[in-house]
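Residue strings, one per chain:
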Amino acid sequence: MNLETGNQQPATISFTITILGSSGALPAYGRFPSAQLVEIENRYFLVDCGEGVQMQLMRYHANMHRIGHILISHLHGDHYLGLVGLLFSMHLLGRTNDLHLYSQPGLDEIITAHLRYSRAAPAFRIIFHPLGHETPQTIFEDDKLTVETIPLTHKLPCTGFLFREKTKPRRIDKTRLPAGLLLQQIAALKKGYDVTDEDGNILYRNEELTLPPRKSRSYAYCSDTAFAPHIANQIKGVDALYHEATFGQDEAERAHLTGHSTAAEAATLASLAGAGKLLIGHVSARYRDLTPLLDEARQIFPNTDLAEEGKVEELVC
Ligand SMILES: [Zn+2]
């Protein structure tokens, strides 16, 4: 119960991003290849699945069986080489619930070959969803949220992912609620309707008894990509943006040649998109100290942080 508003909904509904891996192509200096766990109201999405992901899930006390969806951005090894090990552990630990796997075409063949040659027959279904990479696609939707792909610009077909909560119901303002309202009248209020009598006459207007809905939150994951300003429109106003920053601006040439971005470019995109916050990661193994990359991004977009292993970013509403 939220004492401040008299609302019976929980004060906060979770929306957290846990960074499991923030390194670029090579693991380096304690940094693991790309992986993040996104949890939204008990829905668990593993986003990219680099080598070592199981160790990282254990280290940060995340239960692998709660992961219902694994989203792979593209088929460079540093984004999926932790997957086979994770699937085998789920099998060994007796998982039975379905697992949805989203990636560019081909990952299903890779998984199938591993299972065939090891003669393993998991007791859970792996439901493969092949992704396109040229236009945004809604790949998940339920009553609370949608997940869509973000077409990125990389050496291989590659997409990011945009998590967006749906508009929430208005909140009952208990301090103004008259006594004696029926349950169905309260339910109607939550849906935005007025309270009427049995003849349809309005007894109370909705706005007299309710408060605006809580904010709908959003998170965009963009790795790997060259600077791609066209995506700013799709992710306009996101609360948090993770964007790769493989290099510093002094290596801009190399970034462009390899289909990657600099910290300054990541910050420019965050600024173009009007993001609330920027997390940078997928950093090259050439950098031991990441302060210069962080400083470079902050000069353009001050609300930037490093996506360091173990960091939990909580989006509040
Ligand atoms: Zn890549």
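On a predicted model such as this, the values are computed, not experimentally measured, just so you know.

**Overview of the coordination of the zinc ion**
Reasoning step 1: Donor atoms from the polypeptide that bind the zinc ion are H74 (NE2), H76 (ND1), H154 (NE2) and D224 (OD), placed at 2.2 to 2.4 Å.
Reasoning step 2: One way to put it: the 4 donor atoms around the zinc ion meet at angles of 90 to 169°, and that makes the site irregular.

**Structural notes on the environment of G192**
Reasoning step 1: With respect to the element layout, G192 can be found in the loop between α4 (183-190) and β11 (195-196).
Reasoning step 2: What makes G192 partly exposed here is its relative accessible area of 37%.
Reasoning step 3: Note: C-alpha distance between G192 and I231 (39 residues apart in sequence) is 33 Å.
Reasoning step 4: Setting aside residues no more than four positions away along its own chain, G192 makes contact with R170 and N206.

**What about the nonpolar core?**
Reasoning step 1: Membership of the largest hydrophobic core comes to 31 residues, with the highest contact counts inside it found for I150, I235, L241, L278 and I280.
Reasoning step 2: Mapped by element, the contributors of at least two residues to this core are β14 (218-222), α6 (231-234), α8 (263-273), β16 (277-281) and α9 (291-300).
Reasoning step 3: At 6 residues, the largest contribution of residues to this core is made by α8.
Reasoning step 4: Discounting residues that sit within four places of it in the chain, I235 has contacts with I150, L162, A220, L241, L269 and A273.

**Quick word on the packing of aromatic side chains**
Reasoning step 1: This model, assessed by the stated rule, comprises 4 aromatic pairs.
Reasoning step 2: Geometrically, the ring pair formed by F45 and F140 is edge-to-face, given 5.3 Å between the ring centres and 85° between the ring planes. In this pair, F45 sits in strand β3 (residues 43-49) while F140 sits in strand β7 (residues 138-141), placing the two residues 95 residues apart along the sequence.
Reasoning step 3: Between Y221 and Y242 the ring centres are 5.0 Å apart and the planes differ by 10°, which places this aromatic pair in the stacked class. Taken together, the residues span a long stretch of sequence, with Y221 in strand β14 and Y242 in strand β15 (residues 240-244) at a distance of 21 residues. The same class applies to Y221 as to Y242, namely buried.
Reasoning step 4: Through a chain of ring-to-ring contacts, the aromatic side chains of F45, F140, F163 and Y219 assemble into a single cluster.
Reasoning step 5: Above the face of the F124 ring, R95 is positioned so that its terminal group lies 5.6 Å from the ring centre.

**Section: the packing of α8 against α9**
Helices that pack against each other are described as a pair by the angle of their axes relative to one another and the distance between those axes.
Reasoning step 1: Running from amino to carboxyl end, α8 crosses α9 at an angle of 30°, the nearest separation of the two axes being 8 Å. Considering their axes alone, α8 and α9 lie roughly parallel with respect to each other. The element α8 and its partner α9 pack so that their crossing is right-handed. Contacts between α8 and α9 involve A263, A264, A267 and T268 from the former and L293, E296, A297 and I300 from the latter.
Reasoning step 2: Here the residues of the contact of α8 with α9 are counted per class, giving 6 nonpolar, 1 polar and 1 charged.

**A closer look at the sheet that holds strand β6 (residues 126-130)**
The strands making up a sheet associate through hydrogen bonds between their backbones, and the pairing can be parallel or antiparallel.
Reasoning step 1: The 7 strands lie next to each other as β6-β5-β4-β3-β2-β1-β18, forming an open sheet whose pairing is mixed. The sheet is open, and its two borders are formed by β6 and β18 (312-314), each paired with just one other strand. Recorded for the sheet is a direction-independent mean angle of 20° between the axes of neighbouring strands.
Reasoning step 2: Where strand β1 (residues 15-21) and strand β2 (residues 35-40) come together, 6 bridges link them in antiparallel fashion. Of the residues in β2, the one forming a bridge with I19 is Q36.
Reasoning step 3: Across the sheet, helix α3 (residues 107-117) touches β5 (99-103) and β6, and the angle it forms with β6 is around 155°.

What counts and what doesn't
- Residues numbered from 1 in each chain as written.
- Predicted model: local features only at pLDDT ≥ 70, side-chain atom pairs only at ≥ 80, totals over all residues.
- Heavy atoms only, no water.
- Donors = N, O, S within 2.8 Å, 3.2 Å for Na, K, Ca; no water.
- Tetrahedral: all angles 85-135°; square planar, octahedral: opposite > 155°, others 65-115°.
- Helix = DSSP H or I, 4+ residues; strand = E, 2+ residues; numbered from the N terminus.
- Buried < 20%, exposed > 50% of the residue type's maximum accessible area, 1.4 Å probe, protein only.
- Contact = heavy atoms within 4.5 Å.
- Core = buried A, V, L, I, M, F, W, Y, C linked by side-chain atoms within 4.5 Å.
- Phe/Tyr/Trp six-rings, centres within 6.5 Å; stacked < 30°, edge-to-face > 60°.
- Lys NZ or Arg CZ within 6 Å of the ring centre and 35° of its normal.
- Axes fitted to C-alpha atoms, helices over the stretch in contact; angles between N-to-C directions.
- Parallel < 35°, antiparallel > 145°, perpendicular 65-115°, else oblique.
- Left-handed = near helix turned anticlockwise from the far one by under 90°.
- Nonpolar A, V, L, I, M, F, W, Y, C, P; charged D, E, K, R; others polar.
- Pairing = 2+ DSSP bridges.

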